[in-house]
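Tertiary structure, described
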Amino acid sequence: MDDFLLRTRMIVPSVDELKDKKVIIFGLGGVGGYVLESLVRTGVGHIGLVDNDVFSESNLNRQILATVETVGKAKTEVAKERALSINPSCDIKTYNLFYSDETENEIALKEYDYIVDAIDSVASKVLLIKRAKENNIPIISSMGTGNKLSVNYEVTDIYKTQVCPLAKAMRQKLKEEGIKNLKVVYSKDEPIKVASKDNKKQVPGSICFSPAVAGLTISKEVIKDLLKI
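Treat the numbers as computed from the prediction; the structure is a model and nothing was measured.

Criteria and cut-off values
- Residues numbered from 1 in each chain as written.
- Predicted model: local features only at pLDDT ≥ 70, side-chain atom pairs only at ≥ 80, totals over all residues.
- Heavy atoms only, no water.
- Helix = DSSP H or I, 4+ residues; strand = E, 2+ residues; numbered from the N terminus.
- Phe/Tyr/Trp six-rings, centres within 6.5 Å; stacked < 30°, edge-to-face > 60°.
- Buried < 20%, exposed > 50% of the residue type's maximum accessible area, 1.4 Å probe, protein only.
- Pairing = 2+ DSSP bridges.
- Axes fitted to C-alpha atoms, helices over the stretch in contact; angles between N-to-C directions.
- Contact = heavy atoms within 4.5 Å.
- Right-handed = clockwise from strand over helix to strand, strands pointing away.
- Salt bridge = Lys/Arg side-chain N within 4 Å of Asp/Glu carboxyl O.

1. Things to note about unusual backbone geometry
In this structure, asparagine 136 is a non-glycine residue whose phi angle is positive, near 55°. Position of asparagine 136 among the secondary structure elements: in the loop between helix H4 (122-134) and strand S5 (139-142). Phi at asparagine 147 takes a positive value of approximately 60°, unusual for a residue other than glycine. Within the secondary structure, asparagine 147 sits in the loop between S5 and strand S6 (154-157).

What follows is the structure, encoded as structure tokens:
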């Protein structure tokens, strides 16, 4: 196999250091899939993948790992297969689980150099962030991308966020936990108001480019931090 990092090395001379780095991604949906794609293509050598879901047809509009062929398949296994099809030397560990108090001990977070939080559940996000802080592991967290046409994603501290409903909920929960800082990727663009059907809670709307930009922004930050750029 030719050196696939040749062109990356031209602009990031230290990129080979990434082959020894270990990153774990929680959530392999619209955001997490693009994080994985970027980290693999930049040569991160060890990646953990956490998700308990399978692909559905509703994922086809925005998730890079979702195709007609992957519908019904476990996200972790599809993600592993794609990662290895890009870089067969990448060491991939899969955790087919929903991160919670009951399952957290199945993952040895201390093995990893960096944590990516692309989870939807507030409770799971808060738990993961707590554990990352307790173990002094760098973590970056994705805020909401649903109901947005945004590509204007910013990297900031959670307590400097505005507008985003998920960020607001997270600020409150993290404050209650005594967590004073958290690097996040978010957009202050107003979510589009989607009419509820029969007064029932509706799943958020989505489009391909919004979570993709958020995921690529996260991977940029992970790479910059790992290489101290």
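2. Focus on the packing of aromatic side chains
In the structure shown here, the tally under the stated rule is one aromatic pair. Ring centres of phenylalanine 26 and tyrosine 99 lie 5.1 Å apart, and the angle between their planes is 75°; on these two criteria the pair is classed as edge-to-face. Separated by 73 residues along the polypeptide, phenylalanine 26 in strand S1 (residues 22-26) and tyrosine 99 in the loop between strand S3 (91-95) and strand S4 (114-117) bring together distant segments of the chain. According to the relative accessible area criterion, tyrosine 99 is buried, its value standing at 3%.

3. What about the sheet that holds S3?
Spatially, the seven strands line up as an open sheet ordered S3-S2-S1-S4-S5-S7-S6, and their pairing is mixed. The open sheet has two edge strands, S3 and S6, and neither has a second partner. Strand-to-strand twist across the sheet, computed as the mean angle between neighbouring axes with direction ignored, equals 20°. Taken together, the three bridges between S5 and strand S7 (residues 183-186) define a ladder with parallel strand orientation. Paired with isoleucine 140 across the bridge in S7 is lysine 183. Contacts between helix H6 (residues 209-226) and the sheet are confined to S1, S4, S5, S6 and S7, with S4 contributing the most and set at about 170° to the helix.

4. Side note on the pairing of S5
Look at any regular strand and the pattern is simple: side chains alternate between the two faces of the sheet. Covered by surrounding structure in S5 are Ile139 and Ser141 together with Ile140 and Ser142, the residues of both alternating faces. As defined by bridge partners, S4 adjoins S5 across three bridges and the pair is classed as parallel. Of the residues in S5, the one forming a bridge with aspartate 117 is serine 141. The handedness of the S4 to S5 crossover, carried by H4, is right-handed.

5. Comments concerning the pattern of salt bridges
Here the structure, examined in full by the defined rule, presents 15 salt bridges. Between glutamate 104 and arginine 131 there is a salt bridge, with its nearest N and O atoms 2.7 Å apart. Placement of glutamate 104 in the loop between S3 and S4 and of arginine 131 in helix H4 is noted, with a sequence separation of 27 residues between them. Here glutamate 221 and lysine 220 are joined by a salt bridge, their closest N and O atoms 3.6 Å apart.

Purely geometric stuff here, so don't read any function into it on its own.
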